[in-house]
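Spelled out from the first residue to the last, the chains are:
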Amino acid sequence: MNEKKGRGEGLPKTNKKGLARQETILDAAFQHLKAVGFAAFTVRAVARDAGISTRAVYHHFATRTDLILASLERHDFWLSLVPSLDRLKELHAGDGYREFSSILFKRMAYRLYTDPAFRELILLELRGRDPWLVELIEARDRLGEEFFAVTDVLFRDADIDLRLISALLLFGLETAIVRAHAFHPSACGIDFLAPETRGRIDRCIDRLMQWAYGQLPPGTEREGDG
């Protein structure tokens, strides 16, 4: 499989009308993918659903694989951060990414609550190990390594495993919120569809990161400046 490209990378430069057409194609592709799965996915069907010609689809996406990956990446919260990641890291390096960590998880929770397509993407991942999904997950892992390359250093002398805490928090949020929307709203007596639960989640994330970073020796967070 070809190396994965970032969303829009390698696509023809286009005007607003062309960008709108790309969005229409990606919407149609994602809906088609949900309906038929990866094996039965065809560019012809996407073109039909988008109301354009197959040739027009190939003008924007060179291959079937490029179209599938772009439609998946479009709805992935973590990969959508790539264009602004360096700026965000620079803004928050001074506190060892403590505030950055809280912001990321709170934004992810918000996206899970408000974006049905993101929830559908998580459900697709849980259904099987299609190569496109594996590639998407591996791209996320590479992104995570950039973050943990800094925090692992900060926490090397602390009895706190921030990497594991982050993984449990990430998958716990995904499972609770996606499950609440797709199957059953409650877990551990908490209604995850209740409006007040979102505020509880945000406060819990803040307190958890505050506690974890509070275990660092004094002055350790300044190492994040490097």
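All residue numbers refer to position in the chain's written sequence, counted from 1. Confidence filtering applies because this is a predicted model: local features only for residues at pLDDT of at least 70, side-chain atom pairs given and counted only at 80 or more, and all residues used for totals across whole chains, interfaces and linings. In computing side-chain values, all of the structure's heavy atoms are included and hydrogens and water are not.

Below, the discussion takes up the layout of surface pockets. A volume near 740 Å³ is recorded for the largest pocket. Using protein atoms alone on a 1 Å grid, points that fit a 1.4 Å probe yet trap it form a cavity, whereas open point sets bounded by protein on both sides within 12 Å along at least five of seven lines form a pocket; residues with an atom within 4 Å of a point count as lining. Around the largest pocket, the lining comprises 30 residues; the ones closest to its centre are Trp78, Arg140, Asp141, Leu170 and Phe171. A helix here means a DSSP run of H or I that spans at least four residues, while a strand means a run of E at least two residues long, and both kinds are numbered starting from the N terminus. Of all the secondary-structure elements, those providing two or more residues to the lining of the largest pocket are helix H5 (82–92), helix H6 (98–114), helix H7 (116–127), helix H8 (131–154) and helix H9 (162–182). Nonpolar residues are Ala, Val, Leu, Ile, Met, Phe, Trp, Tyr, Cys and Pro. Charged residues are Asp, Glu, Lys and Arg, and all others, Gly as well, are polar. Among the residues making up the lining of the largest pocket, the classes are represented as 18 nonpolar, three polar and nine charged. Grid points are joined across faces, edges and corners, and a volume is the space filled by probe spheres set on the points.

Two rings from Phe, Tyr or Trp (for Trp, the six-membered ring) form a pair when their centres sit within 6.5 Å of each other. Planes less than 30 degrees apart are called stacked, planes more than 60 degrees apart edge-to-face, and all others tilted. Applying the stated criterion across every chain, the model contains eight aromatic pairs. Each member of the aromatic cluster is reached from another via a ring pair, and the members are Phe77, Trp78, Phe105 and Phe118. Geometry around Phe118 places Arg111 over its ring, the cationic atom sitting 5.5 Å from the centre. Charge over a ring is defined by NZ of Lys or CZ of Arg lying within 6 Å of the ring centre and within 35 degrees of the ring normal.

One can find His184 in the loop between H9 and strand E1 (186–187). Counting of polar contacts relies on pairs of N or O atoms within 3.5 Å, with two restrictions inside protein: one atom must be capable of donating a hydrogen and the other of accepting it, and residues adjacent in sequence are counted only when both atoms are side-chain atoms. Polar contacts involving the side chain of His184 include one to the main-chain amide nitrogen of Ser186, which spans 3.2 Å.

Once that is clear, we can look at H6. Here the expected span of a helix is defined as 1.5 Å times the quantity of residues minus one. Compared with the 24 Å implied by 1.5 Å per residue over 17 residues, the 25 Å span of H6 between its first and last C-alpha is a close match. Listed as buried for H6 are Phe100, Ser101, Ser102, Leu104, Phe105, Met108, Ala109, Arg111, Leu112 and Tyr113. The inward-facing, buried residues of H6 contact helix H4 (64–74), H5, H7, H8, H9 and helix H10 (195–214). Relative accessibility thresholds used throughout: buried, under 20% of the residue-type maximum; exposed, over 50%; partly exposed, between the two (1.4 Å probe, protein chains only). What makes two residues a contact is simply this: any of their non-hydrogen atoms within 4.5 Å.

On to H4. Burial runs high along H4: nine of the 11 residues are buried. Of all the positions in H4, only Asp66, Leu67, Ile68, Leu69, Ala70, Ser71, Leu72, Glu73 and Arg74 are classed as buried. Contacts from the buried residues of H4 go to helix H1 (16–36), helix H2 (43–50), helix H3 (54–60), H6, H7 and H8.

As a rule, the C-alpha atoms of each element are fitted with a line to give its axis, helices using only the stretch in contact, and angles between N-to-C directions run from 0 to 180 degrees. As a packed pair, H8 and H9 sit with axes 10 Å apart at the nearest point and diverge in direction by 140 degrees. Compared by their axis directions, H8 and H9 come out oblique. Together, Glu145, Phe148, Thr151 and Asp152 of H8 and Leu162, Arg163 and Ser166 of H9 make up the contact between the two elements. Classifying every residue of the contact of H8 with H9 by side-chain character gives two nonpolar, two polar and three charged. Angles are sorted into four bins: roughly parallel if under 35 degrees, roughly antiparallel if over 145, roughly perpendicular if 65 to 115, and oblique for all others.

This part covers the confidence of the model for the protein chain. Summary statistics for the protein chain give a mean pLDDT of 85 and a share of 89% for residues scoring 70 or more. Least confident of the elements in the protein chain is H5, whose mean pLDDT is 77; most confident is strand E2 (residues 190–191), at 97. Known as pLDDT, the predictor's confidence for each residue is given on a scale from 0 to 100.

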